[in-house]
Number of protein chains: 2
Amino acid sequence: MSQSDEVMFERIALIGVGLIGSSISHAARRANLASDIVGSSATPATREKAEALGLVSKAFERAADAVKDADLVVLCTPVGVLGKVAEEIGPHLKPGTIVTDVGSVKAAVVRDVAPHMPEGVHFIPGHPIAGTEQSGPEAGFAELFDGRWCILTPDAVTDRMALAKLETFWQRLGSKVELMSPEHHDLVLAITSHVPHLIAFNIVNTAAHLARVTDTEVIKFSAGGFRDFTRIAASDPVMWRDVFLNNKEAVLEMLGRFSEDLTALQRAIRYGDGETLERLFAEARSIRRGIIQAGQDTATPDFGRRPSGSGTQS
Amino acid sequence: MSQSDEVMFERIALIGVGLIGSSISHAARRANLASDIVGSSATPATREKAEALGLVSKAFERAADAVKDADLVVLCTPVGVLGKVAEEIGPHLKPGTIVTDVGSVKAAVVRDVAPHMPEGVHFIPGHPIAGTEQSGPEAGFAELFDGRWCILTPDAVTDRMALAKLETFWQRLGSKVELMSPEHHDLVLAITSHVPHLIAFNIVNTAAHLARVTDTEVIKFSAGGFRDFTRIAASDPVMWRDVFLNNKEAVLEMLGRFSEDLTALQRAIRYGDGETLERLFAEARSIRRGIIQAGQDTATPDFGRRPSGSGTQS
């Protein structure tokens, strides 16, 4: 058996079995990374589904029960409850266990989780930059992480062997791995993910409150651009609430810059300054080219996905 | 030959052969709507490509030459030059000809074009809500309008027969047709298309000017949401400049509302008001459901389109 086929963990415990937890299960089974995968969820329906779908051999009600004998614990709950979860599982973790998470913010997770980790347990925060607007245990699939980045935020005292093992784990789930500090992660994600989501949520709600344009019209003519915003605004409300409450500083800084820049565009429109508008739009277009070249998207034209059953997807 | 197979026009003239003009050519040929299609472009390279691709039997330099003997003229240039184009072609239009356009604003087009239309010519403004972020004559394809809405904005004196014929034309190109006033069109599109594009252009530029986050990082981690914004920010800068200069009032009104709403979210983040955040996010999610039910998008998870060659597209 070559190293790349080796089982890496005897027992993985997934604390929370939503979109990310269930996708980790699928991808870990695909790559044969674990002898056993167990999970926990406070919601009975989620536990039933997770077992019925074979995502976990056993779904526990309490996280403390799921982590017993696990050598990898992945925290997949909304970040707002991670402190409570860490406090609960801390006394039940065995020495040598790697504990990681998949939260969209990192400094707050370090603040909330690290104090509860016992001596000998390796806590290494993580964040796979992958997702869909779906949630729940049925939403996961093995390919979610393929070719996507996973950011890990070790610190100066992180055990090098444990870090190398966690890196390999994510690579075998399909990801590329990048290391950075929790604070830098939070700044990068504020602009690449958190503020875009906030803006998407916001414009969808602005549209909903117009008296002179009906909801039906907004929906009918959404192919003009609005639809792309609703897609990302469909993400889980609780997860996103916790993201914004836990990355307040970086998000407020980025929002401040965004608003200043938007005011400049608004002013150019008001005073008919076409030169400024064209220049700023052309700059944005060139950044798009960079993303295509970096392989994070395709140049294939997007002409709106077809309603199900009416043809192939673009 | 059944009515739905009939040639509708002896000669269609496409003034401008970019994404929309070339797609009209493809779709009109697919449905056998014209005996002949000619076009015009001020750009020699565009004329060469349009002829080489067979989009037009002849590409003229001057719009006035292209419209001679045409019984349907479709203006497909950026809206900023439509007044000039109308002035140029006006004297060369034959009575009974239908003139329409595909511009993203409608009141300004009526203002600029209508005064140049001679007696007996039927000017009926139009706007197909379809597009990709690509531009140029190679970007078009026959399926662009399939299942999408096309808005026509006739007025009280519009000839009913000409209107019915233009409606049939768009339906045979694949579209569904909706009628409304130019002013209402501009309000609806301000929120469903113009403001979303402005915001997309803006956040891409905000990201580009950050000192503490590198462009490489923005691009690398764009799958977190930012990528969806860059896609629509890749659209043609000149076309969009003209849209904003020509739909100033409605765009400024919508931007004002958007900014007020964003300030409320920003305040909720600053003061840790999780209840408000969760409520507003949940409202946005329910609007997304409406769009899926209306068939304007699919519920299939979007897990990021794959770089070309690495698998199927989602």
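Residues numbered from 1 in each chain as written. Chains lettered and ligands numbered in written order. Predicted model: local features only at pLDDT ≥ 70, side-chain atom pairs only at ≥ 80, totals over all residues.

### Some words on the overall build of chain A
Argument step 1. In terms of regular secondary structure, chain A is built from twelve helices and nine strands.
Argument step 2. Dimensions along the principal axes, computed over C-alpha positions, put chain A at roughly 65 × 45 × 40 Å. (Helix = DSSP H or I, 4+ residues; strand = E, 2+ residues; numbered from the N terminus.)

### Structural notes on the nonpolar core
Argument step 1. One finds A:Val73 and B:Val73 to be the most contacted residues of the largest nonpolar core, which totals 199 residues.
Argument step 2. For A:Val73, the contacting residues outside a window of four places in its chain are A:Ala13, A:Ile15, A:Val67, A:Ile89, A:Leu93, A:Thr97 and A:Val99. (Core = buried A, V, L, I, M, F, W, Y, C linked by C-beta atoms within 7 Å. Buried ≥ 20, exposed ≤ 12 C-beta atoms within 10 Å, placed from the backbone. Contact = placed C-beta atoms within 7 Å.)

### Quick look at the interface of chain A and chain B
Argument step 1. Opposite the 99 residues of chain A that make contact, chain B presents 100 residues.
Argument step 2. Mapped onto the side of chain A that touches chain B, the elements with two or more residues apiece are helix H7 (182-208), helix H8 (215-220), helix H9 (226-233), helix H10 (237-246), helix H11 (248-270) and helix H12 (274-293) of chain A.
Argument step 3. Sort the elements by how many residues they give to the side of chain A that touches chain B and H7(A) lands first, with 19 residues.
Argument step 4. Of the residues in the side of chain A that touches chain B, the class split is 52 nonpolar, 25 polar and 22 charged. (Nonpolar A, V, L, I, M, F, W, Y, C, P; charged D, E, K, R; others polar.)

### Regarding unusual backbone geometry
Argument step 1. Phi is positive for A:Asn32, which is not a glycine, with a value near 55°.
Argument step 2. Checked against the element boundaries, A:Asn32 lands in the loop between helix H1 (19-30) and strand E2 (34-40).

### Brief notes about the relation of the copies chain A and chain B
Argument step 1. Least-squares fitting of chain A to chain B yields an RMSD of 0.0 Å, with the superposition described by an axial translation of 0.0 Å and a rotation of 180°. The superposition operator between the copies reduces to a two-fold rotation axis. (Least-squares fit on C-alpha atoms with pLDDT ≥ 70 in both.)

### Examining the sheet that holds strand E5 (residues 98-101) of chain B
Residue and element names in this part refer to chain B.
Argument step 1. A sheet is described by the order of its strands in space; here six strands give the open sequence E3-E2-E1-E4-E5-E6, paired in parallel fashion. Each edge of the open sheet carries a strand with a single partner, namely strand E3 (58-60) and strand E6 (122-123).
Argument step 2. Examined bridge by bridge, strand E1 (residues 9-15) and strand E2 (residues 34-40) share six bridges and lie parallel to one another. Of the residues in E2, the one forming a bridge with Ile 12 is Ile 37. (Pairing = 2+ DSSP bridges.)

### Points about the domain arrangement of chain A
Residues and elements named next belong to chain A.
Argument step 1. Domain boundaries assigned for chain A yield domain 1 (3-180) and domain 2 (185-293).
Argument step 2. Taken over C-alpha atoms, the centre of domain 1 sits 31 Å from the centre of domain 2.
Argument step 3. Looking at the side of domain 1 that touches domain 2, its residues break down into seven nonpolar, five polar and two charged. (Domains from an automatic or database assignment.)

### Considering the sheet that holds strand E8 (residues 149-152) of chain A
Residues and elements named next belong to chain A.
Argument step 1. Taken in spatial order, the three strands of this open sheet run E7-E8-E9, and their pairing is mixed. On the outer flanks of this sheet lie strand E7 (126-128) and strand E9 (176-179), each paired with one strand and no other. In this sheet, adjacent strand axes meet at a mean angle of 20° when their direction is disregarded.
Argument step 2. The pairing of E7 with E8 spans three bridges and is classified as antiparallel. (Axes fitted to C-alpha atoms, helices over the stretch in contact; angles between N-to-C directions.)

### Quick notes on the packing of H7(A) against helix H7 (residues 182-208) of chain B
Argument step 1. Interaxial distance between H7(A) and H7(B) falls to 11 Å at its minimum, and their mutual angle equals 160°. In terms of their interaxial angle, H7(A) and H7(B) are classed as roughly antiparallel. Of the two possible hands of crossing, H7(A) and H7(B) adopt the one that is right-handed. For the pair H7(A) and H7(B), contact is made by A:Ile191, A:Val195, A:Pro196, A:Ile199, A:Ile203 and A:Ala207 and by B:Ile191, B:Val195, B:Pro196, B:Ile199, B:Ile203 and B:Ala207, respectively. (Parallel < 35°, antiparallel > 145°, perpendicular 65-115°, else oblique. Left-handed = near helix turned anticlockwise from the far one by under 90°.)

### Focus on the pairing of E2(A)
Residues and elements named next belong to chain A.
Argument step 1. Extensive coverage of E2 is indicated by the burial of five of its seven residues.
Argument step 2. Considered for its hand, the β-α-β crossover made up of strand E1 (residues 9-15), H1 and E2 is right-handed.
Argument step 3. Looking at chain direction, E2 and strand E3 (residues 58-60) are connected through three bridges and run parallel. Bridge pairing links Gly 39 to Ala 59 in E3.
Argument step 4. One crossover worth recording links E2 to the parallel E3 by way of helix H2 (residues 44-52), and it is right-handed. (Right-handed = clockwise from strand over helix to strand, strands pointing away.)

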